[in-house]
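Architecture at a glance
The residues making up each chain are set out below.
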Amino acid sequence: MEILYLLIPLSVVLVFVIGAVFWAALRSGQYDDLEGPAFTILTDDDRPGPTDPPRG
Amino acid sequence: METSCFHCGDPVPAGSSYAVRTERGWRSVCCAGCEAVAYSILGQGLEDFYRLRGAQRLERPAESCQENLELYDHPELQRAFVREVDDNRETVLLLEGIRCPACVWLNEQTIRRVPGVVSAHLNYSTRRAILRWDPRRARLSDVLQAVKRVGYRAHPYDAARDDKLQREERRDALWRLFVAGFGMMQVMMYALPAYVAGDGDMSADIGELLRWASFALTVPVVFYAAAPFFSGARRDLARGRLGMDVSVALGIAIAFGASVAAMLLGAAEVYFDSVTMFVFLLLGGRYLEMLARQRATSVLQHLSRLIPEGAHRLRDFPRSLEVDRIPACSLKPGEHTLVKPGESFPADGVVEQGSGEVNEALLTGEGRPVFKQPGNAVIGGSMNLSTPLVMRVEKVGGETVLSCIARLIERAAADRPRLVALAERWVTPFMLCVVLLAVAAALGWAAVDPARSLPVAVAVLVATCPCAFSLATPAALTVATGELARLGVIVTRAHAIEALGRVSDVVLDKTGTLTRGEPVLVDIACHSELPEEKCLALAAAMEAASEHPIGKAFAAAVAGRGLPAVSALDNVPGSGIEAVVEGHRYRLGSPAFAQALAPCVPVAPRRYSEVWLAAEGGLLASFQLADEIRPEAAEAVRRLQSLGLALHVLSGDGVEATGTLAARLDIGAFEGRADPERKRNYVAALQRQGKLIAMVGDGINDAPVLARADVSLAMGGGTRLAQIQADAVVLSQDLVALAEAIELSRRTLCVVRQNVAWAFAYNLSALPLALFGALTPWAAAIGMSVSSLLVVLNALRLQRSRRTSAAVLSADGMGGMTPRSQPVEARV
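Residues numbered from 1 in each chain as written. Chains lettered and ligands numbered in written order. Predicted model: local features only at pLDDT ≥ 70, side-chain atom pairs only at ≥ 80, totals over all residues. Heavy atoms only, no water.

Residues and elements named next belong to chain B. Here chain B averages 76 in pLDDT, while 79% of its residues score no lower than 70. Element-level mean pLDDT values for chain B span from 60 in helix α11 (residues 361–364) up to 91 in helix α7 (residues 204–225). Throughout residues 802–828 the model reports pLDDT below 50, and contacts reaching past four residues in sequence, or to other chains, amount to 96 contacts. (pLDDT = per-residue confidence, 0-100. Helix = DSSP H or I, 4+ residues; strand = E, 2+ residues; numbered from the N terminus. Contact = heavy atoms within 4.5 Å.)

Below, the structure written as structure tokens:
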């Protein structure tokens, strides 16, 4: 059971790591639009266009 | 060749020569507009759009207002909605016409391909795009033009800052909720072993480790996620009162402090799990409430967008039709503007030239076009549908009807309903009792069993927190106000809903309420060879310049037809008009006035008000005018009566006329020939019998009576809105909405009563349990949170009422014109 001495603190650290990841995701606006991005994968334009300006 | 248009899907007219060349050959389109749009889409290599959209049909692109967009490059105008970011500019665009993800993709691609655009992000659910561009390489109008070329409409979203604020608020709340929720889950996991382990199953240092781990995760929950409760409590205390937040903050602080102390002393009684759960559940409730509020305010913003940004000012109106394009905000009263079809009126004013149909859905809630001709008033924000109109500006900015509506709503929001004020007055003494009780319980248990004294105190604080109690009324009233707005009834005083729900009698004013308030031509009797048509045209031509309501009746009767030219017009106030038309002299007016020109015998008994038309040779025609009963009046009366309300009709008209009307509508009680004083007395007499009166009038002429009644409603609207004095305004001018409003108000009161009863019962039963230690802190937390959630959900039931088709404002974008929810001071 000695492993618990490692696992419990590890789980605490993990919680903070996951929290930080979610925070970053939230900051970058990933939760503002939950519907649209699902469709963009279907509609991405892969062909190189003649005048393809830099994308934002 | 297929027969439906490649772009919009409408049938292609036979012999149409419009076609576009696609990768799969030529396809026919129905019109030049579709051809242009389709070419623009294909020309950019975006043919995929047509494949992706599937069966989705598109609107035919609008062809007008091509050059309007340049207006948005005006630096003065841009100040309102553009922000400078580094060297670039950023704005939020609202896109119209988006129906499917393919549209989003098309617009994003189109915008990004405009040279000079740095980035563009489109949100599918809000239809808004965040655009960033380099002002040295692109103009905003280029982007708008590009969007327009592919058949959509983009315009700057004015309240960008507001939107950003809301987004920040939402993000912040979501993040706090996440911290609390995640902390709760994890802490519960650490707490579980302590609950399930038997004696000796768990070594002491593992227990200690678990408590420290719980502590580590509870710290962010208490100090970050629960921070709003603490700051709320501090605010309350600074104002010398005890609110909901105080008991919540106390509960959290005591439980957390006691747990930390126990942990440091090595004792096993820690409540970290209860603390995190309590915070999470409360934040969840707050999050839901915030979402509801934001949805309500977004519609107010829509209202402010109805006024267009730009206007076509006619520089030198009667002489030339030269147009300047200027921002609508710089229009001044007295100036003339040209409003093209498809555009909105930039201000309130009067039509000077042209006649056509206008959509006034913003006031009436109905999309039915209203016919306007010279002399008619138009309202800023309503839409010109058919022909170009020249308008003389009368009111701009804050004086317009639209701003009046916004102000009325704001006034209601600032007004505190009596019910809420009552609840708030009781909060402080109640909270004082709760805190004293908690202290007493702690002291009492300290004598009996010191170990349980703190948990009992926490349970008492949490279980009796009157959150549900404080939410019970405001939640229901907020939802009801929004629903009423959807019916076209705007509440301008906070007590209106409560009073409407209690009324026993409805007193209706006749003119302008049961009737339209404008005379309508009901019958024409011809007394010469001149045909009816001709007589009417003559009369209308003579009345055309008149401001008198009778003139409007004639104008409406000949709507759109050509009128003969009139000369030598002489208006004799109180009698009628004399004029020369096509070489003959005519008189139009009261029988006596007309007879003076051509003596003749009276022809018909005077049942309505009558206007005679006479030529020098004799009487030509007599026109019967009557004030028409509103078409929905009978239905409304029936519904009001089925609600068990006693109805009364008051009118300044003759007793007989009033009686006829009352009989036709099946209303028993009426009083004719009533001046404002008598109307007041009538209402006062009813009130002395213990009746609660709702008075419905036009809100202007009968203001004293309205003020006397327990609750007053005005059949409002139009240009007179600013003068209206009433507790609620029926903007849709639909009497049926009145019956629905009363029904809704009754249901609201019912919900309020249920909520208060539930909250009261819960607090009353939880208190003894907590006092005697039968309630653990976590059980108290669940009970309290569920109780407030129930109250909110019960209030939301009002929203799901069936919608009537007649006055659903939401269809026209005004739905849920709710005031910024009643100030829910004491939140959960």
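What follows concerns the interface of chain B and chain A. By convention, interface size is frequently given as the accessible area that disappears when the constituent parts associate. The interface is formed by 35 residues belonging to chain B together with 30 residues belonging to chain A. Counting across the interface, chain B meets chain A through 0 salt bridges. Joining chain B to chain A, the criterion identifies 4 residue pairs in polar contact (both at pLDDT 80 or more). Secondary-structure elements contributing two or more residues to the side of chain B that touches chain A are α2 (48–52), α4 (101–112), β5 (117–123), α6 (160–196) and α7 of chain B. Partitioning the side of chain B that touches chain A into residue classes produces 19 nonpolar, 8 polar and 8 charged. (Salt bridge = Lys/Arg side-chain N within 4 Å of Asp/Glu carboxyl O. Polar contact = N/O pair within 3.5 Å; in protein donor to acceptor, adjacent residues only side chain to side chain. Nonpolar A, V, L, I, M, F, W, Y, C, P; charged D, E, K, R; others polar.)

Right, let's get into the environment of B:L796. Within the fold, B:L796 resides in helix α26 (residues 777–796). Between the C-alpha atoms of B:L796 and B:T478, which are 318 residues apart in sequence, the distance is 9.5 Å.

All names here are of chain B. Reading across from one edge, β9-β8-β10-β16-β11-β14 is the order of the 6 strands in this open sheet, with antiparallel pairing throughout. For this open sheet the edge positions go to β9 (323–327) and β14 (377–378), each flanked by a neighbour on one side alone. Of the pairings in the sheet, the one linking strand β8 (residues 310–314) to β9 comprises 5 bridges and is antiparallel in character. Bridging from a neighbouring strand, A311 pairs with I326 of β9. (Pairing = 2+ DSSP bridges.)

So, on to the sheet that holds strand β13 (residues 369–372) of chain B. Residues and elements named next belong to chain B. The strand order β13-β12-β15 describes an open sheet built from 3 strands, whose pairing is antiparallel. Only two strands of the sheet have a single neighbouring strand rather than two, namely β13 and β15 (383–384). With 2 bridges joining them, strand β12 (residues 356–359) and β15 adopt antiparallel strand pairing. Across the sheet, N359 pairs through a bridge with M383, a residue of β15.

The subject of this paragraph is the pattern of salt bridges. Residues and elements named next belong to chain B. Using the criterion set out here, one finds 17 salt bridges over all chains in the structure. Between R392 and E394 there is a salt bridge whose closest N-O contact spans 3.1 Å. By sharing partners, the salt bridges in this structure join E352, R392 and E394 into a single network.

Residue and element names in this part refer to chain B. Along strand β28 (residues 711–714), one buried face is formed by V711 and L713 and the opposite face, lined by S712 and A714, is buried too. Pairing of strand β27 (residues 693–697) with β28 involves 4 bridges; the strand directions are parallel. Looking at the pairing, V696 lines up with L713 of β28. Here β28 pairs with strand β29 (residues 728–730) via 2 bridges, running parallel. Along β29, the bridge assignment pairs L713 with A728. (Buried < 20%, exposed > 50% of the residue type's maximum accessible area, 1.4 Å probe, protein only.)

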